[in-house]
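# Survey of secondary and tertiary structure
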Amino acid sequence: MGRVPGGLSAGLVRTARPRQWVKNGLVLAAPFAAGRLLTAGECVRLGVVLVLFTACASAVYLINDARDAEADRAHPVKRRRPVACGQVPVGAAYATGGALAVAAPVTAALTCGADTAGLLAGYVLMQLAYCVWLKHMLVVDLVIVTTGFLMRAMAGGIALGIGLSRWFLITSGFCALFVVAAKRYSELVLMSGQDGDVAASRALLGAYTSGYLRFVWQLAAGVGVLAYCLWAMETGARPSGLLPWRQLSMVPFILAVLRYAVFADAGSAGAPEDVLLRDRALVVIGLAWGALYVLAAVNR
């Protein structure tokens, strides 16, 4: 198999998945949900946590690709990854990933406190356990990936000492499960249309049925929407004469879920970051939701 153009450094960066760093933007979720105006110091700390979580996620990607190089070669898309195609030696991927996995929690302990360092260390250990063992356990693999998204969403709040409400956790958790299950469903649809071995391309993928994964993402989407609506209705009291901005934010939130479900149902949600960044309708809906949420926070 030929090498992809580019040196080792470029390959390591590609293996760290820069396009998926957008997921780490969830670190900003808790402060945004709390509607707090941050001080300059808090903004700096939040930025540090964002960088450190990106480092942790990159470490996991590097180690995962080193372990899965052989299986990735059976996948129609993943076989182009730098480790799978030979651009990055397996040993280099392990070494770089291990260094980032240690450095990020240590830096967090020095700059953001023990709780944030513990969260990052827990994330790395959980994801490494997933790479080695947990991804071979049916359903548990979905829960672990979902928990990774939820930990991202919690990180900013923990770093700044912001309380995490039950509605925030429920909505974030089930929306994450929706995205994860839709991704697995799309991967299964893709591999079913290829000549390659489904089970060889991802552990346990061949053990799922499309009907089961469809059920999971539909259930998760429904619970996520319901939780958000209940939260908006419960906390949306407003001073006299002001529009119910928080309740109005339910409209773009529901539209965003319905729009994403179009891609999930078509089996084209295998790369969530591409769907979120490239679909103009989703971008517009997201901006509308953000504007309404900001208005709700300012006028509460």
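Residues numbered from 1 in each chain as written. Predicted model: local features only at pLDDT ≥ 70, side-chain atom pairs only at ≥ 80, totals over all residues. Heavy atoms only, no water.

Further remarks concern the overall build of the protein. Helices and strands together make up the secondary structure of the protein, namely 15 helices and zero strands. Computed over C-alpha atoms, the radius of gyration of the protein comes to 20 Å, within 12% of the 19 Å expected from 2.2 N^0.38 for 300 residues, which places it in the range of a compact globule. Its C-alpha atoms give the protein principal-axis dimensions of roughly 70 × 45 × 35 Å. Residues counted as buried form 47% of the 300 residues belonging to the protein. Across the protein, every contact between residues at least 6 apart in sequence was considered, and the portion connecting residues at least 24 apart equals 73%. About 13900 Å² of surface is accessible on the protein, with carbon and sulfur atoms providing 69% of the total. (Helix = DSSP H or I, 4+ residues; strand = E, 2+ residues; numbered from the N terminus. Rg over C-alpha atoms; globule rule 2.2 N^0.38 Å. Buried < 20%, exposed > 50% of the residue type's maximum accessible area, 1.4 Å probe, protein only. Contact = heavy atoms within 4.5 Å. Areas by Shrake-Rupley, 256 points an atom, 1.4 Å probe, with all protein chains shown as cover.)

Using the criterion set out here, one finds eleven salt bridges in the structure. As a salt-bridge pair, D65 and R81 come within 3.4 Å of each other at their nearest N and O atoms. Here the residue D65 occupies a position in helix 3 (residues 40-67), and R81 occupies one in the loop between helix 4 (69-72) and helix 5 (82-85), the gap between them amounting to 16 residues. Considered together, D65 and R81 belong to a single accessibility category, that of buried residues. The salt bridge involving E234 is made with R166; its shortest N-O contact spans 3.5 Å. Taken together, the residues span a long stretch of sequence, with E234 in helix 11 (residues 210-235) and R166 in helix 9 (residues 166-192) at a distance of 68 residues. Of the residues examined, R166 reaches a relative accessible area of 54% and is grouped as exposed. A single network of salt bridges, built from pairs that share partners, joins D141, K183, R184 and E187. (Salt bridge = Lys/Arg side-chain N within 4 Å of Asp/Glu carboxyl O.)

As a further point, take the packing of aromatic side chains. For the coordinates displayed, the defined rule picks out twelve aromatic pairs. Centre to centre, the rings of F53 and Y123 are 4.8 Å apart; their planes meet at 55 degrees, and the pair counts as tilted. Of this pair, F53 sits in helix 3 while Y123 sits in helix 7 (residues 114-132), and the two are 70 residues apart along the sequence. Owing to a relative accessible area of 4%, Y123 belongs among the buried residues under this scheme. (Phe/Tyr/Trp six-rings, centres within 6.5 Å; stacked < 30°, edge-to-face > 60°.)

What follows is about unusual backbone geometry. Residue R17 is not a glycine yet carries a positive backbone phi of 60 degrees. Topologically, R17 is positioned in the loop between helix 1 (8-15) and helix 2 (29-34). Looking at R17, the relative accessible area reads 11%, which means it is buried.

Positionally, C229 belongs in helix 11. We classify C229 as buried; its relative accessible area is 15%. When the C-alpha atoms of C229 and V51 are compared, they prove to be 32 Å apart, with 178 residues separating the residues in sequence. C229 has contacts with M250 and I254, leaving out every residue within four places of it along the chain.

Contact geometry of helix 13 (residues 250-266) with helix 15 (residues 280-298) gives a least axis separation of 9 Å together with a crossing angle of 160 degrees. Classed by the angle they form, the pair helix 13 and helix 15 counts as roughly antiparallel. In this structure, helix 13 meets helix 15 at a crossing whose hand is left-handed. Where helix 13 approaches helix 15, its residues P252, F253, L255, A256, R259 and Y260 are matched on the opposing element by A281, L282, I285, A288, W289 and L292. Split into classes, the residues belonging to the contact of helix 13 with helix 15 amount to eleven nonpolar, no polar and one charged. (Axes fitted to C-alpha atoms, helices over the stretch in contact; angles between N-to-C directions. Parallel < 35°, antiparallel > 145°, perpendicular 65-115°, else oblique. Left-handed = near helix turned anticlockwise from the far one by under 90°. Nonpolar A, V, L, I, M, F, W, Y, C, P; charged D, E, K, R; others polar.)

Before going further, it helps to examine a nonpolar patch on the surface. Judged by side-chain polarity, L138, V139, V143, Y212, F215 and L219 come together as a nonpolar surface patch covering roughly 510 Å² of accessible area. The dominant element in the nonpolar patch, judged by the number of residues it contributes, is helix 11, at three residues. Tracing the backbone through its elements, the reader meets L138 in the loop between helix 7 and helix 8 (140-160). (Patch = residues over 30% accessible without salt bridge, like charges linked within 9 Å, V, L, I, M, F, W, Y side chains within 5 Å.)

Counting 66 residues, the largest nonpolar core has F53, Y123, F178, W217 and Y260 as the members making the most contacts within it. Counting residues per element, the ones that place at least two in this core are helix 3, helix 6 (90-111), helix 7, helix 8, helix 9, helix 11, helix 13 and helix 15. Setting aside anything within four residues of it in sequence, one finds W217 in contact with F178, A181, A182, Y185, A261, A264 and D265. (Core = buried A, V, L, I, M, F, W, Y, C linked by side-chain atoms within 4.5 Å.)

Take the side chain of Q20 next. Counting through the fold element by element, Q20 comes out in the loop between helix 1 and helix 2. Dropping the residues within four chain positions of it, Q20 is found in contact with Y61 and E273.

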